[in-house]
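Structural overview for review
If you want the building blocks of each chain, they are given just below.
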Amino acid sequence: MISEVGAANVADLTKRMGVTSNIPNNLSIALGSYDASLFDMVGAYSAFVNQGTWVEPTMILRIEDKNGSPIYEKAPKVLKALNSETAYAMVDMLKGVVDGGTGSRFEMGS
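Residues numbered from 1 in each chain as written. Predicted model: local features only at pLDDT ≥ 70, side-chain atom pairs only at ≥ 80, totals over all residues. Heavy atoms only, no water.

Within the protein, the secondary structure is distributed over four helices and four strands. When the helices and strands of the protein are placed in sequence order, the string is α-α-α-β-β-β-β-α. Relative to the compact-globule value of 13 Å for 110 residues, the protein shows a C-alpha radius of gyration of 18 Å, a clear excess of over 25%. Principal axes of the C-alpha set define a box for the protein whose edges measure 60 × 45 × 25 Å. A total of 110 residues make up the protein; the buried ones form 22% of that total. Within the structure as shown, the protein displays about 8100 Å² of accessible surface, and the carbon and sulfur contribution to it stands at 58%. Here the protein carries 9 positive and 12 negative side-chain charges, and the mean point of each set is 6 Å from the other. (Helix = DSSP H or I, 4+ residues; strand = E, 2+ residues; numbered from the N terminus. Rg over C-alpha atoms; globule rule 2.2 N^0.38 Å. Buried < 20%, exposed > 50% of the residue type's maximum accessible area, 1.4 Å probe, protein only. Areas by Shrake-Rupley, 256 points an atom, 1.4 Å probe, with all protein chains shown as cover. Lys, Arg positive; Asp, Glu negative; His and termini not counted. Charge placed at Lys NZ, Arg CZ, Asp CG, Glu CD.)

As structure tokens, then:
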């Protein structure tokens, strides 16, 4: 499929989904031939379940003093990475792998 849409387009989408690694412009990226941090992958996969919206993974959004006054606030970056229909299709495919594909539980005697 990557040869149909082009490696450059896939690399661009990957960047829009928050992956900060250097992504090579070749067909091997379909196999995961680049290093991506866990932080980047959490953000990228979350875009699927957020209807195509990438939200920067953030551990702490707000710190308050003893009176409840904020002493630190961080608003995560938000970006529409892909359309909602594409995100839905991807979630459906990922569910299919878990429910009945290679990610399903193997039962003895089956």
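Moving on from the model shown.
The next point concerns the nonpolar core. In summary, soluble globular proteins display a tendency toward joint burial of nonpolar side chains. Counting residues in hydrophobic clusters, the biggest one holds 16 residues, and the most contacted among them are Met 17, Ile 23, Ile 29 and Leu 82. Among the secondary structure elements, those contributing two or more residues to this core are helix 2 (7-16), helix 3 (38-49) and helix 4 (84-100). Among the elements that make up this core, the one with the highest residue count is helix 3 (three residues). Other than its neighbours up to four places away in sequence, Met 17 contacts Asp 40, Gly 43, Ala 44, Ala 47, Phe 48, Trp 54, Ala 81 and Leu 82. (Core = buried A, V, L, I, M, F, W, Y, C linked by side-chain atoms within 4.5 Å. Contact = heavy atoms within 4.5 Å.)

With that settled, consider the packing of helix 3 against helix 4. Packing of helix 3 against helix 4 brings their axes to within 7 Å, and their N-to-C directions diverge by 105°. With respect to helix 4, the element helix 3 is oriented roughly perpendicular. The residues of helix 4 that touch helix 3, namely those facing Tyr 45, Ala 47, Phe 48 and Val 49, are Ala 87, Met 90, Val 91 and Leu 94. Here the residues of the contact of helix 3 with helix 4 are counted per class, giving eight nonpolar, no polar and no charged. (Axes fitted to C-alpha atoms, helices over the stretch in contact; angles between N-to-C directions. Parallel < 35°, antiparallel > 145°, perpendicular 65-115°, else oblique. Nonpolar A, V, L, I, M, F, W, Y, C, P; charged D, E, K, R; others polar.)

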